[in-house]
Amino acid sequence: MKSGKWFLVALLLAVGLAILGTTPPRPAQVTAAARDFSALRAMGDVERIARAPHPSGSAEHAALRGYLMQRLGELGLTVRTQEGVFPEDARRGLNARSGGNAARIPLTNVLGLLRGSEPNLPAVALMAHYDSVWGSPAAADDGAGVASILETVRALSLERERRRDVLVILTDGEESGLLGARMFFAQAPEARRIGAIVNLETRGGGGKANLFQTSALNGDVARLWADTAPHPAGKSLATFIYSVLPNDTDLSVALPHGYPAWNFAFIGRPGLYHSPMATADRLDRGSLQQMGEQTLGLARALARSAELPGRAPDVVFFDVFGLFVVHYAVWWGWVMLAVGFVGHGLLSLRRFEGRAFLGGAARMLGLVLVTAGALYLLNLLSGADGPVNYYDRLAAIPRLQIVAFCVSMAVSVLLLGRKPDGEAGEAGLVLPLLLGGTVFQAYAPSAAYVLAVPLMLGGVVALLRAFGLGSLARAAGATVAGVVTGYALMLGYSLLQAVGPTMPMVAVLPLAIAVCALVPLQPALPLRGSQVLAALLLLMAIGVSLWLRLDAPAASIAAYSERWQEPR
């Protein structure tokens, strides 16, 4: 098979895997087994929760609280409330968002306890917030989290093997500064009974429900999730990125207490974040299914267990296209990088040419710098050069992803339309990533797998080529290129969902990974054709950027966003 056909095979495999890796599972039907989580059963609660906006202190919020207490009681839980009041600054903030003038806003958490057979054991806590921002029905944020807990508790209530108590914490005032969580962990006696905690959040209305945060020293915590998640979604890269961002959820208040902890969220359909359009009919049922089944899997294992996960050295973990989880000790990253160095080094030494080697390295650096610069400038052109509405930029993410893809492809075609000179040129192309992976491994070992794993796989293919195993090397190369490029597409999609409005330059990381995997298979492109294709792609990127700049504000933006430019 000629290299062009292998290249096409790799691309088709990559696209298929990327779709698999970014698509939530099918929602389980109402008729699913009683012990299983069913998103369509949970949707009954979502529809009630999201029938209207329910900010703290509103009549709808009080009515929802009554409904949730009734539902928990029907499921066999002992229910109580924890009462407090909004502090003055938070009260003023909520009034400013809503245009109200309430002199006093109550702060009320809802707590439910499902008894286990050994109540002396530390309890398993499930936490979500039941307040909404002003003006949003909040089917996702956090109706999905609350409904997931209700459906999880329903399934757990049927089990005889449940040893530990299960504590449900539905917090108030999360949208005003985690107020309910702060009150609970400072004052509630139940807080001292918790042995492990799962928190559920969202920022959007769909997409994969990812494990994006854990407690510190998470080796046992990550392994338990890997063993119990039916359709796992999560990665230690996300936990690293979240640790350096200034973001918080209710779990931020719990983590200093040292509980084993898991935090799940989905961030797809980003325009629905805090949106008046965040209704039940727009919620992705597959996202709800994935959030709920991962919660149920963890809660079931924890409630049955005689011992809870302890503090163990951090591990690298990531799901493989939602099919299963790989996890390993962080030091394995050094072994993977060594395989990459040795494989590409031996291949280049078969006929080493210094000029070709340096030329390959220069091309990779040029690819990264030119792409990042173009994305930065086009982001400014799209409207990020002045004051922006945060929620309008969230709604723009799908179009920003198109811009990033077009720019990445255009620069790649221009700089790599002609393949690097021989095997030394290919090795030079990979060198900046090997050096970057080494730095990454030294300073962020739990996140370095995004480079270490693809470089190791590329190193294995390079070794096969170095030893003259032609047919095997080509088949292995196409398979590795497909898997790595599929992962790179998935990674780029996720990164741009997370930080695309402010940092579209992150697209250069998955681009560089994919290029290293695909170049050995790439057929040479005619110079004139490359230039025409690159020009068309850049024109499309410019056109979409101008569309974003000139377009009216999205209909989905938060109702209070004319008063506030950034979310609290």
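Here the structure is shown first, and the text comes after it.
Note that the structure is a prediction, hence the values are computed from the model and not measured. (Residues numbered from 1 in each chain as written. Predicted model: local features only at pLDDT ≥ 70, side-chain atom pairs only at ≥ 80, totals over all residues. Heavy atoms only, no water.)

(A) Summary view of empty space enclosed by the protein. Per the stated rule, a full pass over the model turns up 1 cavity of 30 Å³ or more. Volume-wise, the largest cavity comes out at about 60 Å³. Lining the largest cavity, in full, are L375, L378, N379, S382, L400, V403, A404, P504 and S545. Elements with a contribution of two residues or more to the lining of the largest cavity: helix 12 (354-384) and helix 14 (397-416). Here the lining of the largest cavity is built from residues that sort into 6 nonpolar, 3 polar and no charged. (1 Å grid on protein atoms, 1.4 Å probe; cavity = no way out; pocket = protein on both sides within 12 Å on 5 of 7 lines; lining within 4 Å. Points joined across faces, edges and corners; volume = space filled by probe spheres on them. Helix = DSSP H or I, 4+ residues; strand = E, 2+ residues; numbered from the N terminus. Nonpolar A, V, L, I, M, F, W, Y, C, P; charged D, E, K, R; others polar.)

(B) Examining the pairing of strand 8 (residues 315-320) more closely. Judged by how many residues are buried, strand 8 sits mostly within the fold: 6 of 6 residues are covered. Every second residue of strand 8 is oriented toward a common face, with V315, F317 and D319 on one face and V316, F318 and V320 on the other, all of them buried. Bridge count for strand 8 against strand 9 (residues 324-329) is 6 bridges, and the pairing is antiparallel. For V320, the partnering residue across the bridge sits in strand 9 and is F324. (Buried < 20%, exposed > 50% of the residue type's maximum accessible area, 1.4 Å probe, protein only. Pairing = 2+ DSSP bridges.)

(C) Structural context of the nonpolar core. One finds M364, L433, Y449 and V515 to be the most contacted residues of the largest nonpolar core, which totals 64 residues. With 11 residues, helix 17 (residues 470-499) is the largest single contributor of residues to this core. With near-sequence residues (within four places) excluded, V515 lies in contact with M364, L367, S412, L416 and L429. One finds F37, V221, F264 and F317 within the second-largest nonpolar core, a separate group that totals 59 residues. (Core = buried A, V, L, I, M, F, W, Y, C linked by side-chain atoms within 4.5 Å. Contact = heavy atoms within 4.5 Å.)

(D) Representation of the layout of surface pockets in the model. One number sums up the size of the largest pocket: a volume of about 1500 Å³. Lining the largest pocket are 50 residues; nearest its centre among them are R203, L245, N247, I267 and A498. Sorting the residues of the lining of the largest pocket by element identifies helix 1 (3-22), strand 5 (194-202), strand 6 (210-214), helix 8 (236-244), strand 7 (261-266), helix 12, helix 13 (390-395) and helix 17 as the ones contributing at least two each. The dominant element in the lining of the largest pocket, judged by the number of residues it contributes, is helix 17, at 8 residues. In terms of residue class, the lining of the largest pocket is built from 24 nonpolar, 14 polar and 12 charged. One number sums up the size of the second largest pocket: a volume of about 820 Å³. Lining the second largest pocket are 31 residues, with F405, S408, M409, L489 and L511 positioned closest to its centre. Every element with two or more residues in the lining of the second largest pocket is listed here: helix 1, helix 14, helix 17, helix 18 (508-518) and helix 19 (527-550). The dominant element in the lining of the second largest pocket, judged by the number of residues it contributes, is helix 14, at 8 residues. Class assignment of the residues belonging to the lining of the second largest pocket gives a composition of 24 nonpolar, 7 polar and no charged.

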